[in-house]
Amino acid sequence: MTHEETAARMAQRMENIQEKTMSASSKPLTGKVALVTGGARGLGAATARKLAEMGADIAITFVSPSSVSKAAAIVAGIEQLGGRGIALQADQGDVSTAPQMIGSIIERFGRLDIVINNASIDRFGNVDDPQRDDEDFERYWAVANTGLRAIVRAASRVMTDGGRFVFVGSNLSVRPGAAGMSDMASIKASIDGYARGVARDLADRAITVNVVHAGFMETDINIDFRDSIRPLLQNLCFKRFGRLEEVVAPIAFLASPAASYITGTIIDADGGYNV
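What counts, and at which threshold
- Residues numbered from 1 in each chain as written.
- Predicted model: local features only at pLDDT ≥ 70, side-chain atom pairs only at ≥ 80, totals over all residues.
- Heavy atoms only, no water.
- Helix = DSSP H or I, 4+ residues; strand = E, 2+ residues; numbered from the N terminus.
- Buried < 20%, exposed > 50% of the residue type's maximum accessible area, 1.4 Å probe, protein only.
- Contact = heavy atoms within 4.5 Å.
- Areas by Shrake-Rupley, 256 points an atom, 1.4 Å probe, with all protein chains shown as cover.
- Expected span 1.5 Å × (residues − 1).
- Bend = angle between axes of the 7 residues up to and from the residue.
- Phe/Tyr/Trp six-rings, centres within 6.5 Å; stacked < 30°, edge-to-face > 60°.
- Lys NZ or Arg CZ within 6 Å of the ring centre and 35° of its normal.
- Core = buried A, V, L, I, M, F, W, Y, C linked by side-chain atoms within 4.5 Å.
- Salt bridge = Lys/Arg side-chain N within 4 Å of Asp/Glu carboxyl O.
- Pairing = 2+ DSSP bridges.
- Axes fitted to C-alpha atoms, helices over the stretch in contact; angles between N-to-C directions.
- Polar contact = N/O pair within 3.5 Å; in protein donor to acceptor, adjacent residues only side chain to side chain.
- Right-handed = clockwise from strand over helix to strand, strands pointing away.

Student: Tell me what's going on with the overall build of the chain, and back it up with residues and numbers.
Tutor: Each helix and strand in the chain was counted, giving eight helices and seven strands. Every one of the 275 residues in the chain was classed for burial, and the buried ones make up 45%. Put simply, of all contacts in the chain between residues at least 6 apart along the chain, 75% involve residues at least 24 apart. Surface accessibility of the chain: about 13600 Å² in total, with carbon and sulfur atoms responsible for 53%.

Student: Kindly report on helix 5 (residues 134-156), identifying the contributing residues and their values.
Tutor: Compared with an ideal rise of 1.5 Å per residue, which puts 23 residues at 33 Å, helix 5 spans 32 Å between its outermost C-alpha atoms and is within 8% of the ideal. The largest bend along helix 5 reaches roughly 35 degrees and is located at Ala142.

Student: Outline the packing of aromatic side chains, listing residues and values.
Tutor: A complete count under the given rule lists three aromatic pairs for this structure. Relative to Tyr194, the ring of Phe167 lies with its centre 6.2 Å away and its plane at 15 degrees, an arrangement referred to as stacked. Of this pair, Phe167 sits in strand 5 (residues 164-169) while Tyr194 sits in helix 6 (residues 182-202), and the two are 27 residues apart along the sequence. Judged by its relative accessible area of 22%, Tyr194 falls in the partly exposed class. Where Phe216 meets Tyr273, the ring centres are 6.0 Å apart and the plane angle is 85 degrees; that geometry is what we call edge-to-face. Taken as a pair, Phe216 in the loop between strand 6 (208-214) and helix 7 (226-229) and Tyr273 in the segment after strand 7 (266-269) lie far apart in primary sequence, 57 residues in all. You can call Phe216 buried: its relative accessible area is 17%. An aromatic cluster of at least three residues, connected via ring pairs, comprises Phe165, Phe167 and Tyr194. For Arg175, the ring lying beneath its charged end belongs to Tyr273, and the centroid distance is 5.0 Å.

Student: Go over the nonpolar core with me, naming the residues and quoting the values.
Tutor: As a rule of thumb, nonpolar side chains are buried together in soluble globular proteins. Ranked by internal contacts, the top residues of the largest apolar core, which has 43 residues, are Leu35, Ile105, Phe165 and Phe167. When residues of this core are traced back to their parent elements, those giving at least two are strand 1 (33-36), strand 3 (85-89), helix 4 (97-109), helix 5, strand 5, helix 6 and strand 6. Among the elements that line this core, the one with the most residues is helix 5, at eight residues. Setting aside chain neighbours within four positions, we find Phe165 in contact with Val115, Val152, Ala155, Ser156, Met159, Leu202, Ile207, Thr208, Val209 and Asn210. Ala34, Val36, Ile114 and Leu254 belong to the second-largest nonpolar core, a separate cluster that totals 33 residues.

Student: Could you give an account of the pattern of salt bridges, naming the residues involved and the relevant values?
Tutor: Inspection of every chain in the model, using the stated rule, returns seven salt bridges. Among the salt bridges present, the one from Asp113 reaches Arg111, with a minimum N-O distance of 2.7 Å. Residue class for Arg111 comes out partly exposed when judged on its relative accessible area of 31%. For Glu245, the salt bridge goes to Arg243, with nearest N and O atoms at 3.3 Å.

Student: Mind laying out the sheet that holds strand 5, listing which residues take part and the relevant values?
Tutor: The strand order across the open sheet built from seven strands is 3-2-1-4-5-6-7, with neighbouring strands paired in parallel fashion. In this open sheet, the two edge strands, each paired with only one partner strand, are strand 3 and strand 7. Adjacent strand axes in the sheet meet at a mean angle of 15 degrees when their direction is disregarded. Note: strand 4 (residues 114-117) against strand 5, four bridges, orientation parallel. Its bridge partner being in strand 5, Ile116 is matched across the sheet by Val166. Packed onto the sheet, helix 3 (residues 68-80) meets strand 2 (57-62) and strand 3 and runs at close to 165 degrees relative to strand 3. The strands touched by helix 5 are strand 1, strand 4 and strand 5; relative to strand 5, the strand with the most contacts, the crossing angle is about 170 degrees.

Student: Residue-level account of the side chain of Asn145, with values.
Tutor: Among the structural elements, Asn145 can be located in helix 5. Residue class for Asn145 comes out buried when judged on its relative accessible area of 12%. A polar contact is formed between the side chain of Asn145 and the side chain of Ser190, at a distance of 2.8 Å. Ignoring sequence-local partners within four residues, the contact set of Asn145 consists of Tyr140 and Ser190.

Student: Before we move on, can you summarise the pairing of strand 1 with the specific residues and values?
Tutor: Residues of strand 1 alternate between two faces, with Val33 and Leu35 on one and Ala34 and Val36 on the opposite face, all of them buried. Pairing of strand 1 with strand 2, which is carried by four bridges, proceeds in the parallel orientation. Within the sheet, the bridge partner assigned to Ala34 lies in strand 2 and is Ile58. For the segment spanning strand 1, helix 2 (residues 42-53) and strand 2, crossover handedness is right-handed. The pairing of strand 1 with strand 4 spans three bridges and is classified as parallel. Paired with Leu35 across the bridge in strand 4 is Val115.

This is the structure:
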């Protein structure tokens, strides 16, 4: 072999190594399977797309029949990125659906590595309001609190060691900011505390559990009461609604291999609400 041939072979080897390194860094979730609850719209849909771009196969959940076409579009987008996707209709407020949902993911993909709990609903109202619909508020608790715990129990039993839980929460847990947010404050605080407890429970399996406090964003979930939120923007350092990608970024980071030494932690992506 001539000197030129040897040099050419070495250059090709280096190029192959560089390509593999770039692929691993650009798609760090290749081979992973992620569940994004409430993944048919808003923050959940944006998160599902981002994790798919990072190489993960994605399962999303939705509850309303009106979201079927939206969920199908998200799955189609994931497949266009080269990944596999599945959309599952599941009511997070019904704890009996959690084991079946997780079982469907294992049946489809054979594993579960990442759970992003994003599904929730919002309810506002003073505790002493005589017109308050207490049954509606109990539904809120079922989705955002009881349902979350049911999913974590079911998912943790099959999640691969070194997996990731990321809960989407809110700084309303420590600063309600206005009247009518008492139930929201209580639920968001419970999410923070639960994450820290689960982080301890799963630490021996190197599974991380963290929370991202999402700020006010313009999504279809808050379109009916966005005007009531707008005055709260004046409490922020950045007096504007957040962009979806600004909240997706820390979620994606915590789901990635780069966050392997971070657990029981809260990242605020809310424009400085508590400052």
